[in-house]
Amino acid sequence: MKTSLFGHLAPLTFCFSIGLSAAVLLVSCGSGESGHDGLSIEDMGLTASADAMRADVEVLTDARFEGRETGKPGAYAAGDWIAGRMEALGLTAAGDSGYHQAFRYKPHPPMQVHGHGDSSMTMGMAVVQEIVGKNVIGATAALSDTTRRWGVFGCHHDHLGWGDENSLWRGVAEGDSAMHPGADDNASGVALLLELASRHSAVPMVDHPLLMASFSGEEKGLWGSNHFTDEPTVGLEHVDWMINFDMVGRLRGDTLAVYGNGTSPVWNGILDSCNARDGAGFELVLSESGVGPSDHTSFYLEDIPVLHFFTGQHEDYHKPTDTSDKLNYEGMVRIADFAQCLAQELALQDSIPFTKTKDSSNDDAPRFKVTLGVVPDYLFSGTGMRIDGVSEGRPAQLAGMEKGDVVLRIGDHEVLDMMGYMEGLSMYEEGQTTPVEVMRKGEKLVLDVTWD
Ligand SMILES: [Zn+2]
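Residues numbered from 1 in each chain as written. Predicted model: local features only at pLDDT ≥ 70, side-chain atom pairs only at ≥ 80, totals over all residues.

So what about the overall build of the chain? Which residues, and what values?
Along the chain, the regular secondary structure elements total eleven helices and 17 strands. Among the 452 residues that make up the chain, the fraction classed as buried is 46%. Taking the contacts inside the chain whose residues are at least 6 apart along the sequence as the reference set, 76% of them involve residues at least 24 apart. (Helix = DSSP H or I, 4+ residues; strand = E, 2+ residues; numbered from the N terminus. Buried ≥ 20, exposed ≤ 12 C-beta atoms within 10 Å, placed from the backbone. Contact = placed C-beta atoms within 7 Å.)

Tell me about helix 3 (residues 73–88), residues and numbers included.
When the terminal C-alpha atoms of helix 3 are compared, their 23 Å separation across 16 residues agrees well with the 22 Å that a helix rising 1.5 Å per residue should span. Positive backbone phi, at 85 degrees, marks G90, one or two positions downstream of helix 3. (Expected span 1.5 Å × (residues − 1).)

Describe in detail the packing of helix 7 (residues 267–275) against helix 9 (residues 329–347), supporting the description with residues and values.
Where helix 7 meets helix 9, the closest approach of the two axes is 9 Å, and the angle between their N-to-C directions is 130 degrees. By the angle between their axes, helix 7 is oblique relative to helix 9. Helix-helix and strand crossings are classified by hand; for helix 7 and helix 9 the assignment is right-handed. Contact residues: I270, S273 and C274 in helix 7; F338, C341, L342, E345 and L346 in helix 9. (Axes fitted to C-alpha atoms, helices over the stretch in contact; angles between N-to-C directions. Parallel < 35°, antiparallel > 145°, perpendicular 65-115°, else oblique. Left-handed = near helix turned anticlockwise from the far one by under 90°.)

Explain the environment of G290 to me, using residue names and the numbers behind them.
Inspection of the secondary structure assignment puts G290 in the loop between strand 10 (283–287) and helix 8 (296–300). The exposure class of G290 is buried, given the 28 C-beta atoms found within 10 Å. It is 9.7 Å that separates the C-alpha atoms of G290 and S264, two residues lying 26 residues apart in sequence.

I'd like to hear about the confidence of the model for the chain, residue by residue, with values.
Across the chain, pLDDT averages 84, with 84% of residues at or above 70. Scored below 50 in pLDDT, residues 1–37 makes 61 contacts in the model with residues more than four places away or belonging to other chains. Under a pLDDT of 50 for its full length, residues 110–125 has, in the predicted model, 18 contacts with residues more than four places off or in other chains. (pLDDT = per-residue confidence, 0-100.)

Describe the packing of helix 4 (residues 183–202) against helix 9, naming the residues involved and giving the relevant values.
At a minimum axis distance of 10 Å, the contact between helix 4 and helix 9 shows a crossing angle of 55 degrees. Taken together, helix 4 and helix 9 sit at an angle that is classed as oblique. For the element pair helix 4 and helix 9, the recorded crossing hand is right-handed. Between helix 4, through S188, A191, L192, E195, L196 and R199, and helix 9, the contact on the second element is made entirely by M332, I335, A336, A339 and Q340.

Outline the pairing of strand 16 (residues 433–440), listing residues and values.
When strand 14 (residues 406–410) meets strand 16, the two strands line up antiparallel, connected through four bridges. The partner of V407 across the bridge, within strand 16, is V438. In this structure, strand 16 lies alongside strand 17 (residues 443–450), joined through eight bridges in antiparallel fashion. When the bridges of strand 17 are listed, P435 appears paired with D448. Between the antiparallel neighbours strand 16 and strand 17 lie two residues, among them K441 with a positive phi of about 45 degrees. (Pairing = 2+ DSSP bridges.)

Would you mind going over helix 9 in detail, with residue names and values included?
Compared with the 27 Å implied by 1.5 Å per residue over 19 residues, the 27 Å span of helix 9 between its first and last C-alpha is a close match. The element helix 9 is extensively covered by neighbouring structure, given that 16 of its 19 residues are classed as buried.

Go over the environment of E330, please, and point to the residues and values.
Structurally, the position occupied by E330 is in helix 9. Sequence separation between E330 and D51 is 279 residues; the distance between their C-alpha atoms is 8.9 Å.

Listed below in structure tokens is the structure:
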């Protein structure tokens, strides 16, 4: 695994404007002036922001919230805690019951629910229980303020509890359960949202109102954001844009994925100008589509320009190992700075027109019956398909593939990128054995893969 380039002791020369003492920091920025403990003032600001987000992620991933599964006590308790933080930061309650906005959802039968303990049940012909989730929403202005345009920062706080149907963890024995803390997915996004709220309460970042929305029911299928766009607490006709933070805790190097840049003609110019600022310098991986597997989709479908920030897939995704110690908190500070800059640039625009995007439809993707059993590195920009994680007992692992290997060829089919990888897979059937060429630490190896 690539380790963070932003370790605690790394010398930092960036100029950040942060949190409570933003004004002071801006004045002394770049002077390299020393504060306590030999840290420069900008280092101290960075550390304060990173520490605040670390503290929030540690609370949200704590055992008392039990993995925050929608409709379960842990998710409600986490929602109450987020509401408390919003109130302490001076946000106005912007749900329909204080900071909360409840929604009800009946999953469609037949569907298996893998519960545990007493709650274990199978649906189908049996009773389908309604699930009640709660969004948590705060605002920087009164909801009645519709004379000015609104921006929405969003995230989701729900996760998989003790491992719901979306868990990728298989346990050691049948029926095992383990708490899924969801540090990257998506305590990281909540912490980032609260960081922005905190900065705004210290020194308003823009003079138009901001909605800070933490949705629930995302993992079950965007239920909370769907409900919000159906019954918005601020009329959507007053909303200019929505920026979604979902899995923003694992910045590796400078690579940041930003999806949805095709949803308004203003995005590219603003992204470029913020990325040119001190301390930014991201290698942005852009994707135009406004439709993706997270809450921004609900806003895009209402013709609102959206962006989704994402620091990439990893082998702990949807597993009990997605823990708080694995996040890059300094990386999250860089993303918060970037998002703050975007909000400020957006405020300068006369209008933020919406454009529909050509959605990356599954029809274009090759169909395949076999898989390697790996987590691809979707943000890899080199030639081939880089493996970010290998599943136990699946073809890649059985053939001796390792995390970090780059697949260059499947049989005779050259693999230049993800699309080429999928094309390669589409040529084979279960049970066949195929030589697959991979690059490992500068050396090419050919491994025989038996497809399952
Ligand atoms: Zn998720």
